[in-house]
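Chain by chain, the residues:
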Amino acid sequence: MSVGQTYVVIGAGQAGGRAVEAMRKSGFQGRVVLIGDEGHPPYERPPLSKDFLLGKVDAASTYLFKGADDLAAQDVELRLDDPVIAVSADAQLVRLGSGNEIAFDRLMFATGGRVRELRVPGADLDGVFYLRNLADAVGLSAALQSAERIVVIGGGFLGLEVAAVARQLRKQVTVLEIEKCVLGRALAPELATIVTDLHRDRGTDFRLETAVAAIEGDGGRVRAVVCTDGVSLAADLVVASIGIVPNDMLAREAGIEVENGILVNEYGETSRANFYAAGDVANHMNHAVGRRMRLESWQNAQNQAMAVAKVMCGERQPYAAIPWFWSDQFDVNVQLLGTPTEWDEICFRGEPASLKFSAFYLKDDKVVAAAAFNRSNDMRVARQLIASGKSIDPAVLCDTALDIRKISQLL
């Protein structure tokens, strides 16, 4: 690698942090610059909706790099609190909010996403929170201490994690979900029902197929959430968790193709030479599942960023990981492998009522996805089954008398 080259990564989150680390591990000896718009070094987001809100960990514990692994020790220039305001594709130059400019040879967008905001009257009242970054988590954690009635808008993984934390803090919690079931884009309805029952058994109220009409306040602070069916729910804290929007503005303005994120191929390459993207912002072609997708997960942010960084450094290998998601809610760990769009049946291994089981999505007797509740060891075999693309007898798959580690040997 040319010592005289400069590689720039925009976005100092999970993806950006792992990208610059991978560049150094690949042997790149040129200049590496990591630019972030927050005041914190790269950190992991998963703890923010779990242990951080519960007060079990502090901000420093979420940082990716510590001690000898610090970015400075890897000769990475870290520029924080100085967002990129423009990228010139022709000049290969980034302009920062501080007025500084950095010329580069190759650039990676690891810009992630921003929260999708509520568009209803009263959404700007005090007491309405979003959870995306560390600052959000600090504010929400403090507010949870004094709040008593919490309304969570959105029944995705993040919203349910916040709801679980609030119940563990003995708050009154109501979850609003516009669809017929929670986690509709992640889990099959029968699995989503198990998650709903988990929360209901611990005191959470659910209002499904319910949207928000307005948020009412008193003295500038939230006091109720008004639903489209006319029901008014008393609240002194509202958490809106209705998804994120990819931060693809810089790429769009630079003339790079975007569509629900920055369009990249399996190598993370954009429509413009020397420009790459990874993580939540990248709409990539994933040959492991046979379609284009934009993923919002810890696994993808880390692994795709490392893979694309290696491509930038000359190790041209495609990124084709089977998507993997996880969530901790109360004392239950939920994992999902794959992004199923259709299946013939779901085969259960273990008893769902025990909350220790795995479920395999089958299409033409082939495993196309899997979920595990407090049964993480099954995911390794599930990954092998999905990758093989071979048929398997559902009766064998669900026979708990048979060691699951031996099942992959039957293929």
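These lines cover the structure that appears in this document, whether it is placed above or below.

Cut-offs applied
- Residues numbered from 1 in each chain as written.
- Predicted model: local features only at pLDDT ≥ 70, side-chain atom pairs only at ≥ 80, totals over all residues.
- Heavy atoms only, no water.
- Helix = DSSP H or I, 4+ residues; strand = E, 2+ residues; numbered from the N terminus.
- Buried < 20%, exposed > 50% of the residue type's maximum accessible area, 1.4 Å probe, protein only.
- Contact = heavy atoms within 4.5 Å.
- Areas by Shrake-Rupley, 256 points an atom, 1.4 Å probe, with all protein chains shown as cover.
- Lys, Arg positive; Asp, Glu negative; His and termini not counted.
- Charge placed at Lys NZ, Arg CZ, Asp CG, Glu CD.
- Salt bridge = Lys/Arg side-chain N within 4 Å of Asp/Glu carboxyl O.
- Axes fitted to C-alpha atoms, helices over the stretch in contact; angles between N-to-C directions.
- Left-handed = near helix turned anticlockwise from the far one by under 90°.
- Nonpolar A, V, L, I, M, F, W, Y, C, P; charged D, E, K, R; others polar.
- Core = buried A, V, L, I, M, F, W, Y, C linked by side-chain atoms within 4.5 Å.
- Disulfide = S-S within 2.5 Å.
- Phe/Tyr/Trp six-rings, centres within 6.5 Å; stacked < 30°, edge-to-face > 60°.
- Lys NZ or Arg CZ within 6 Å of the ring centre and 35° of its normal.

1. Examining the overall build of the protein
And step 1. Along its length, the protein carries nine helices and 26 strands.
And step 2. Relative to its full complement of 411 residues, the protein shows a buried share of 52%.
And step 3. For the protein, the share of sequence-separated contacts (at least 6 apart) that also reach a separation of at least 24 residues comes to 60%.
And step 4. A total accessible area of about 17,800 Å² is found for the protein, and carbon and sulfur atoms account for 45% of it.
And step 5. With 43 positive and 53 negative side-chain charges, the protein shows a spacing of 3 Å between the two charge centroids.

2. Overview of unusual backbone geometry
And step 1. Unusually for a residue other than glycine, Asp-81 sits at a positive phi of about 55°.
And step 2. Among the secondary structure elements, Asp-81 is positioned in the loop between strand E3 (76-79) and strand E4 (84-88).

3. A closer look at the pattern of salt bridges
And step 1. The full count for this structure, using the stated rule, is 20 salt bridges.
And step 2. Across the pair Glu-21 and Arg-18 runs a salt bridge whose closest N-O atoms are separated by 3.0 Å. Residue Glu-21 and its partner Arg-18 are located together in helix H1 (residues 14-25), separated by three residues, close to a single helical turn.
And step 3. Glu-21 sits in the buried class, given a relative accessible area of 11%.
And step 4. Between Asp-75 and Arg-24 there is a salt bridge, with its nearest N and O atoms 3.7 Å apart. A residue pair is termed long-range when its members are at least 10 positions apart, and Asp-75 in the loop between strand E2 (31-35) and E3 and Arg-24 in helix H1 qualify at 51 residues.
And step 5. The exposure class of Arg-24 is buried, given its relative accessible area of 17%.

4. Focus on the packing of H1 against helix H6 (residues 298-312)
And step 1. One can describe the packing of H1 onto H6 by two numbers: an axis separation of 8 Å at closest approach and a directional angle of 35°. Of the two possible hands of crossing, H1 and H6 adopt the one that is right-handed. Mapping the contact onto sequence places Gln-14, Ala-15, Arg-18, Ala-19, Ala-22 and Met-23 in H1 and Trp-298, Ala-301, Gln-302, Ala-305, Met-306, Ala-309 and Met-312 in H6.
And step 2. The residue makeup of the contact of H1 with H6, split by class, is ten nonpolar, two polar and one charged.

5. Side note on the nonpolar core
And step 1. Judged by nonpolar contacts, the single largest core of 51 residues is most densely connected at Leu-140, Leu-187, Leu-191, Leu-237 and Phe-373.
And step 2. It is helix H3 (residues 157-168) that provides the largest number of residues to this core, a total of seven residues.
And step 3. Setting aside chain neighbours within four positions, we find Leu-191 in contact with Phe-348, Phe-357, Ala-359, Tyr-361, Ala-371 and Phe-373.
And step 4. Counting 27 residues, the second largest nonpolar core, distinct from the first, contains Tyr-7, Phe-28, Phe-65 and Leu-71.

6. Things to note about the environment of Asp-201
And step 1. As for its position among the elements, Asp-201 is in the loop between helix H4 (189-200) and strand E12 (205-208).
And step 2. Asp-201 sits in the exposed class, given a relative accessible area of 65%.
And step 3. It is 27 Å that separates the C-alpha atoms of Asp-201 and Met-379, two residues lying 178 residues apart in sequence.

7. Here we look at the state of the cysteines
What is meant by a disulfide is a covalent connection between two cysteines, made through their sulfur atoms.
And step 1. The final tally for this structure, using the stated rule, is one disulfide.
And step 2. Shown here is the disulfide that connects Cys-347 with Cys-398, its sulfur atoms set 1.4 Å apart. Taken together, the residues Cys-347 in strand E24 (residues 345-349) and Cys-398 in the loop between helix H8 (394-397) and helix H9 (404-407) connect sequence positions 51 residues apart.
And step 3. Classification of Cys-347 by relative accessible area gives buried; the value is 6%.
And step 4. For Cys-398, a relative accessible area of 22% puts it in the partly exposed group.
And step 5. Distance from the sulfur of Cys-181, which forms no disulfide, to the nearest cysteine sulfur (Cys-227) is 18 Å.

8. Description of the packing of aromatic side chains
And step 1. Counting across every chain of the model gives seven aromatic pairs.
And step 2. Taking 5.5 Å as the distance between ring centres and 90° as the angle between the ring planes, the aromatic pair formed by Phe-104 and Phe-275 counts as edge-to-face. Of the two residues, Phe-104 sits in the loop between strand E6 (101-103) and strand E7 (106-109) while Phe-275 sits in strand E19 (residues 275-277), which places them 171 residues apart along the sequence. Residue Phe-104 shares its accessibility class with Phe-275, and that shared class is buried.
And step 3. Note that Arg-202 overlies the ring of Phe-330, its terminal NZ or CZ placed 5.2 Å from the centroid.

Structural measurements only, silent on function.
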